[in-house]
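Commentary on secondary and tertiary structure
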Amino acid sequence: MTSSPIRQVTLAQPFTDQKPGTSGLRKSSRQFQTPHYLESFIEASLRVVPGIAGGTVVVGGDGRYGNRAAIDVIARMAAAHGVSRLITTTGGILSTPAASNLIRQHGAACGVILSASHNPGGPEGDFGVKINGANGGPTPESVTDAIHAATLTLEGYRIAEADAPLPLDVPGSHSIGTMTVTVIDGVDDYVALMQQLFDFERIAALLKGDFRVAFDAMHAVTGPYGSRLLEGLLGAPAGTVRNGIPLEDFGGGHPDPNLTYAHELAELLLQGNAYDFGAACDGDGDRNMILGRSCFVNPSDSLAVLTANATLVPGYAKGLAGVARSMPTSAATDVVAKALGISCYETPTGWKFFGNLLDAGRITLCGEESFGTGSDHIREKDGLWAVLFWLNILAVRGCSVAAVMAEHWGRFGRHYYSRHDYEAIASDAAHGLYDRVKVMLPELVGQPFAGRTIATADDFAYTDPVDGSITSGQGLRLLLDDGSRVVLRLSGTGTQGATLRVYLESYVPPSGDLNQDPQAALGSMISAIDELAEIKQRTGMDRPTVIT
Ligand code: VG1
Ligand code: CO
């Protein structure tokens with residue numbers, strides 16, 4: 001593979017498929033098989049990202065169908081663009097958080113992460129490419145918009161020829177032209193980072209006792225990471241990690257760790273009594289779901305619990321600089337931050353907004369209601385990190401997940417919370433519904449809603465406190481006079497039709513009823529928003545696809 005002439009490919013027409021404002025490309029696997037499709041997006045990215053010529057690039061993915069073939073194409077294109085070193089992993093297996101770590105550790109110009117996250121994989125599923133910047137996080141909007149602009153005028157691309165595919169089965173060093181390709185084990189460095197943050201001895205003692213853990217890797221990327229950490233270093237019994245071998249189609253499943261798609265694990269914890277702790281991660285390993293015996297931990301509450309208990313964990317023993325949550329995430333963390341006397345920021349959905357706050361040292365922890373939690377250790381959300389954080393807290397406190405939650409609500413009050421997703425609805429219907437409510441916003445203020453009054457109705461906009469950039473159109477909010485709220489958003493990650501997300505939240509102080517079923521506690525708001533937005537009528541669905 002040393003002689004690698006560079007081929008210049010001319011495109012008959014430019015490629016215009018990437019949505020502006022998104023940090024990557026997520027489409028069906030079929031679409032990715034269109035000639036020059038992947039190549040065009042990579043070409044635009046390599047032209048736009050600073051520091052490519054002479055720099056280092058990290059590439060790997062969640063193991064889904066198309067992963068290895070894409071690594072090969074990206075490696076040859078990187079060589080043609082003068083990259084000096086490409087770092088990839090055995091089997092091409094690299095979780096999103098582990099990729100973020102490698103980018104930072106090696107001072108790479110960027111990372112190319114091959115994943116459609118929680119979307120199904122396989123020839124009939126989805127594929128995706130995410131470009132992460134030098135800080136290890138999703139590239140900011142200025143860069144993604146420049147990539148998008150470059151795709152609009154692309155006349156061709158450059159790629160190095162190679163006689164054989166890159167050998168990814170074992171670690172080693174290769175070259176394509178003058179570029180060095182280093183194949184490393186994608187798990188090692190991530191595990192070392194976790195060992196710096198958490199008390200492994202203490203967690204191991206917990207797991208070797210009668211505390212039983214079930215971890216579901218959903219046939220996706222966290223299998224090898226979870227096995228090494230939980231069954232290897234921490235000594236949990238064999239079989240603790242379920243569905244631990246990454247499969248190209250994730251076993252036909254939907255690798256989204258929620259009560260619908262990870263229902264086997266949920267049943268194990270919520271209906272059985274053999275396990276004390278359950279967790280699952282998504283396709284690319286950046287999300288987490290936490291369960292205790294008969295206890296589901298809402299992701300918004302999870303962030304609040306990590307915030308309140310952070311100093312029990314070695315990596316955060318000195319306290320937190322501040323915290324942040326995305327707008328649709330409940331205000332459970334805000335209440336804890338107030339008690340701790342630290343700042344709490346409210347950002348639009350998506351991890352890139354946390355990046356600036358983390359880089360500026362303004363926050364230490366951050367999270368989203370969509371099962372994403374993370375910290376300043378990298379610049380992505382991190383599924384297994386959250387699992388270890390919870391286990392470390394439980395090991396120190398010596399109590400159950402349910403006891404942690406009861407104590408938390410008894411101290412801070414409870415934010416009843418739910419998200420209702422209506423998936424794969426006709427795009428016209430979804431946009432029609434959304435735009436209608438958007439236009440109605442001004443006249444909604446002062447109107448009755450679910451026995452309360454609408455105090456504010458707006459479309460969320462965010463001014464970044466670090467660089468002053470403004471991001472608008474981030475979700476329709478109805479803020480009620482008792483602090484409850486309903487938010488409507490259209491998903492940016494779905495690939496079939498449109499997905500409407502309805503976020504519902506209502507606060508009960510410590511003196512109130514802390515033991516209601518969330519759907520019942522939010523019942524009047526659920527019917528009020530259905531009526532106001534004409535959800536059933538316009539989507540033709542009589543219930544959401546997923547209720548969290
Ligand atoms: C969803 C979540 C959002 C998350 C995004 C990426 O976006 O709601 O909180 O940041 O996925 O997660 P949307 O636009 O579909 O609501 V992942 O695991 O794909 O990096
Ligand atoms: Co993900």
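In what follows, the structure referred to is the one given above.
Residues numbered from 1 in each chain as written. Chains lettered and ligands numbered in written order. Predicted model: local features only at pLDDT ≥ 70, side-chain atom pairs only at ≥ 80, totals over all residues. Heavy atoms only, no water.

1. Focus on the overall build of the protein
Each helix and strand in the protein was counted, giving 18 helices and 27 strands. Taken over C-alpha atoms, the radius of gyration comes to 23 Å for the protein, in line with the 24 Å a tight globule of 548 residues would show. In terms of its C-alpha atoms, the protein occupies a principal-axis envelope of roughly 75 × 55 × 40 Å. A sequence separation of at least 24 residues applies to 74% of the contacts in the protein between residues at least 6 apart. As displayed, the protein offers around 19,800 Å² of accessible surface, 50% of which is attributable to carbon and sulfur atoms. Taken together, the 41 basic and 58 acidic charged side chains of the protein have centroids lying 2 Å from each other. (Helix = DSSP H or I, 4+ residues; strand = E, 2+ residues; numbered from the N terminus. Rg over C-alpha atoms; globule rule 2.2 N^0.38 Å. Contact = heavy atoms within 4.5 Å. Areas by Shrake-Rupley, 256 points an atom, 1.4 Å probe, with all protein chains shown as cover. Lys, Arg positive; Asp, Glu negative; His and termini not counted. Charge placed at Lys NZ, Arg CZ, Asp CG, Glu CD.)

2. Structural notes on the packing of aromatic side chains
Evaluation of the coordinates by the stated rule reveals 11 aromatic pairs. Within the aromatic cluster, the residues linked to one another by ring pairs are F198, Y316, W385 and F389. Looking at R414, its charged tip hangs above the ring of W409, at a distance of 3.8 Å from the centre. (Phe/Tyr/Trp six-rings, centres within 6.5 Å; stacked < 30°, edge-to-face > 60°. Lys NZ or Arg CZ within 6 Å of the ring centre and 35° of its normal.)

3. So, the pattern of salt bridges
All chains considered together, the criterion is met by 32 salt bridges. The partner of D188 in a salt bridge is R228, and the shortest N-O contact between them spans 2.9 Å. Of this pair, D188 sits in helix α6 (residues 188-197) while R228 sits in helix α8 (residues 222-233), placing them 40 residues apart in sequence. Given the relative accessible area of 30%, R228 is considered partly exposed. The salt bridge partner of R477 is E346, with a shortest N-O separation of 3.9 Å. Separated by 131 residues along the polypeptide, R477 in strand β24 (residues 476-480) and E346 in strand β16 (residues 343-347) bring together distant segments of the chain. Where salt bridges share partners, they join R325, D334, E346, D458, R477, R485 and E505 into one cluster. (Salt bridge = Lys/Arg side-chain N within 4 Å of Asp/Glu carboxyl O. Buried < 20%, exposed > 50% of the residue type's maximum accessible area, 1.4 Å probe, protein only.)

4. A few points about unusual backbone geometry
A positive phi angle, near 50 degrees, is found at S117, a position not held by glycine. With respect to the element layout, S117 can be found in the loop between β5 (110-114) and β6 (126-132). Residue class for S117 comes out buried when judged on its relative accessible area of 4%.

5. With respect to the packing of helix α10 (residues 299-309) against helix α14 (residues 401-412)
Two elements in contact, α10 and α14, have axes separated by 11 Å at closest approach and are oriented at 80 degrees. The pairing of α10 with α14 is recorded here as roughly perpendicular in orientation. Two secondary-structure elements touch here, α10 through D301, A304, V305 and A308 and α14 through V404, M405, H408, W409 and F412. (Axes fitted to C-alpha atoms, helices over the stretch in contact; angles between N-to-C directions. Parallel < 35°, antiparallel > 145°, perpendicular 65-115°, else oblique.)

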